[in-house]
Amino acid sequence: MMLLFKPSTAHAKRSKPRPYQSFSESLLMDSIEATEAFTKKWISPDHLSACSSCTLSSIFSTENRLEGRKFVEVINSLQYAIQGVMLVNPESHKLITRARNLLSTATKHLEKEFYRVLKSNRRNLDPESVSIRSIPSFNPRKKVSIYSNVPKSEEANIMTDLQMIADCMISSGHENECVKTYKKIRRSIIVDALSKLGFENLSFGKIQKLDWESMEKSIKKWLEATKIVINNLFDGERILCDHVFSTSASVAESCFSEITLDSALTLFIFPVSVARCRKTSEKIFLTLDVYQTISNLLPRIDEIFSYESTSAVRLQAADSLRTLGEAINSMVAEFEASVAKEASKSAIHGGGVHPLTRYVMNFVVFLADYNKSLAGVLTESDLPLPEDYYRNSDGCKNDIGETCSSSSSSSTVTNRLAWLILVLLCKIDTKSRLYENVALSYLFLANNLHYVISKVRKSNLRVVLGDEWVMNHEGKVRQYLEKYEKVAWGEALTSLHDDETVLLGEDVAKGRLKRFNEAFEGALQKQSGWVVPDSQMREGLKDSVTKKLTDVASLFYEKYHVETWEDIVRYVPKDLGSYLSDLYLGSGRTCINVTSLKISESGG
């Protein structure tokens, strides 16, 4: 049995008494009157016939926002009231028809307001702004964003307005109109944003035809754009979709997918096209930048495009990484082959650092900066490295006290970079044979290996290769320099060296001193164009040679009292170092300008 209640006092004052109505009919009539009051105030006949465009006086403008939200509440109440009458008094056709017509009018206006809010707030609803101002946390089971602590701002108010309108339109059966409007406007915003970031949708054919300078510019634009697009643009769009359509995960997914899918796929197809172009070593670092960017963004990509309908984006990003990895492997192999095939036959003047050494080490140093990315890219291979070439045991520590990694991925990078350096050193060893002078070939080897070590010490290569590698190769530099000294200065040193227990005759001793003078001057003249580029190594070598010469000359001079041999004495032991001052600068000059030098003129 239905109980009838007296109308509330809020609606007791009427111009005309209502005919008898049931409770549900009374509620519907109240909703009709409330809705009509809003429509008369905000919807003019002109607006009713207008197309979907922004009205001059909007119910959802900043100053009218509360009215707009009340309007949505009134429409929701009207919907519920209609449902109540249809359930309890379905024979009230006239009242239901009137209510439905009014609901249709109100909802159409709401659709226009939805369009207006989206259109007129493009700047406030810029995805970057939405992304920065919102704090999303994803529910892994529902794969729908849940937002908390959204800042109180104009953007937040607009998002709330859109959410209320969308909920109302969907519940009133106008989902298609709502979604269509939303997709149209938001897709255009994404496309415009990508265009402003300078990203071009180039086909594989067009990319292939680009010269390297043009391709480099395109890749750099892609690198700059992608971080913004993923972290701000797509993230902000996901946030907005999930917020506006929070009551319907399926609608949120549909909108986000249709708005972003094409643009996202285009974004990640570009790297694949770049990777499939002709592979040269000069392209490897930008290719690594692209790989590293996608790799770093992959967790965000998986999070933002977590919907099943956007799985193609996740797959495309993963495919891009795989293709880029293959390209990087090919480029490293190409670089190694180019080093091995380098066939210049010209000896470097003065035994200095070979351009090949500089080129290869600069390349390898840059590679070492990408060691984390390379760990996921380089394929393992059996490289015939000497057992003592370097050590990377579990217990070793690098120069900052961190325990060295012995994982297979890091050892793969270490082995590959160490192998590239070994290929270089083998090539330098071959080029040392271009020198007819054996001493100069040793100086050439020492200069080039010292340069290699200095590049390792000052870069991330030291962490990759380890301090043991550095120490081992520093020992080899010392060996080269010792051999150089022995060959370059051996005649001068041995001419004055004799058995301390045996005293030579004066004529023999004088002959020894003459041999020393000739050997010393000959060595200086011969080495006047030789070079040691590194100042520390140069001074160290001068000191070493000076000490050896001074020691052997001092002993000889003291033993045979050469102060009485003024006719053949040219050099004083303590002054020998001054004659080496211009040595190893490659100047071609020597300090030997005086054919004879009296001991008294040198101060004793």
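Just above sits the structure.
Throughout, residues of each chain are indexed from 1 in the direction in which the sequence is written. For this predicted model, a pLDDT threshold of at least 70 governs which residues receive local features, and a threshold of 80 or more governs which side-chain atom pairs are given and counted, while totals over whole chains, interfaces and linings are taken from all residues. Hydrogens and water are ignored here; the side-chain numbers use all heavy atoms of the structure.

Caption draft 1: Geometry of the overall build of the protein chain. A run of H or I in DSSP counts as a helix once it spans at least four residues, and a run of E counts as a strand once it spans at least two, with each numbered from the N terminus. Along the backbone of the protein chain there are 20 helices and two strands. Think of it in three bands: residues with accessible area under 20% of the maximum for their type are buried, residues over 50% are exposed, and the middle band is partly exposed, with areas taken using a 1.4 Å probe on protein chains only. In the protein chain, which comprises 604 residues, the share counted as buried stands at 50%. Sequence separation of at least 24 residues holds for 80% of the intrachain contacts in the protein chain that already meet a minimum separation of 6. Exposure was quantified through the Shrake-Rupley algorithm and a 1.4 Å probe, taking into account, for residues, occlusion by the shown protein chains and nothing else. Here the protein chain has roughly 30,400 Å² of accessible surface; of this, 52% comes from carbon and sulfur atoms. Every residue pair with non-hydrogen atoms within 4.5 Å of one another is taken to be in contact.

Caption draft 2: Molecular detail of empty space enclosed by the protein. For each structure, a 1 Å grid was placed over the protein atoms alone; sets of points admitting a 1.4 Å probe that cannot get out are labelled cavities, open sets with protein on both sides within 12 Å along at least five of seven lines are labelled pockets, and lining residues have an atom within 4 Å of a point. Grid points are joined across faces, edges and corners, and a volume is the space filled by probe spheres set on the points. Inspection of the entire model under this criterion finds two cavities of 30 Å³ or more. Computed from the structure, the largest cavity encloses a volume of approximately 50 Å³. Considering the residues around the largest cavity, the lining is formed by G198, F199, E200, L202, S218, K221, W222 and F270. Element by element, the count of residues in the lining of the largest cavity is highest for helix 9 (residues 212-244), at three residues. Side-chain classes follow a simple rule in which Ala, Val, Leu, Ile, Met, Phe, Trp, Tyr, Cys and Pro form the nonpolar group, Asp, Glu, Lys and Arg form the charged group, and the remainder, Gly included, forms the polar group. Tallied by class, residues from the lining of the largest cavity come to four nonpolar, two polar and two charged.

Caption draft 3: Region of interest: the packing of aromatic side chains. In summary, the pairing rule links any two rings of Phe, Tyr or Trp, Trp by its six-membered ring, whose centres are within 6.5 Å, and it sorts them by plane angle into stacked for under 30 degrees, edge-to-face for over 60 and tilted for everything else. According to the stated counting rule, one finds 21 aromatic pairs in the structure shown. Pairing F199 with F270 gives two aromatic rings, centres 6.2 Å apart and planes at 80°, and the pair type is edge-to-face. In this pair, F199 is assigned in the loop between helix 7 (175-196) and helix 8 (204-209) and F270 in helix 10 (residues 249-275), connecting sequence segments 71 residues apart. Owing to a relative accessible area of 13%, F199 belongs among the buried residues under this scheme.

Caption draft 4: Summary view of the environment of V545. In this structure, V545 sits in helix 20 (residues 535-560). What makes V545 buried here is its relative accessible area of 3%. Along the chain, V545 and L576 lie 31 residues apart, while their C-alpha atoms are 9.7 Å from each other. Discounting residues that sit within four places of it in the chain, V545 has contacts with E485, W489, L580 and Y584.

Caption draft 5: Main features of the pattern of salt bridges. Take a side-chain nitrogen of Lys or Arg and a carboxyl oxygen of Asp or Glu: if they are within 4 Å of each other, that pair is a salt bridge. Within this structure, the stated rule accounts for 22 salt bridges. With its nearest N and O atoms 2.5 Å apart, the salt bridge here joins R322 to D319. In this pair, R322 and D319 are both assigned in helix 12 (residues 311-341), three residues apart and thus about one turn of the helix distant. According to the relative accessible area criterion, D319 is partly exposed, its value standing at 23%. Here K547 ties to D551 by a salt bridge, and the two come within 3.0 Å at their closest N and O atoms. Of this pair, K547 and D551 both sit in helix 20, four residues apart, which is roughly one turn of that helix. According to the relative accessible area criterion, D551 is partly exposed, its value standing at 38%. Through salt bridges with shared partners, a single network forms among R65, R69 and D161.

Caption draft 6: Broad picture of unusual backbone geometry. Even without glycine at this site, H561 takes up a positive phi of about 50°. Here H561 is to be found in the segment after helix 20. Positive phi, normally seen in glycine, also occurs at Y584, with a value near 70°. For Y584, the position within the fold is in the segment after helix 20. The class of Y584 is buried, set by a relative accessible area of 0%.

Caption draft 7: Just the state of the cysteines, in detail. The definition used for a disulfide is geometric: two cysteine sulfur atoms within 2.5 Å. Across all of its chains, the model carries zero disulfides by this definition. For C168, which is in no disulfide, the shortest distance to another cysteine sulfur is to C178 and amounts to 9.8 Å. Given a relative accessible area of 0%, C168 falls into the buried group.

Caption draft 8: Focus on helix 6 (residues 154-171). With 18 residues, helix 6 extends 26 Å between its outermost C-alpha atoms, agreeing within 8% with the 26 Å of an ideal straight helix rising 1.5 Å per residue. Every buried residue belonging to helix 6 is among E155, A156, I158, M159, D161, L162, Q163, I165, A166, C168, M169 and I170, and all of these are buried. Directly after helix 6, the chain includes G173, whose backbone phi takes a positive value near 90°. Take the number of residues in a helix, subtract one, and multiply by 1.5 Å to get its expected span.

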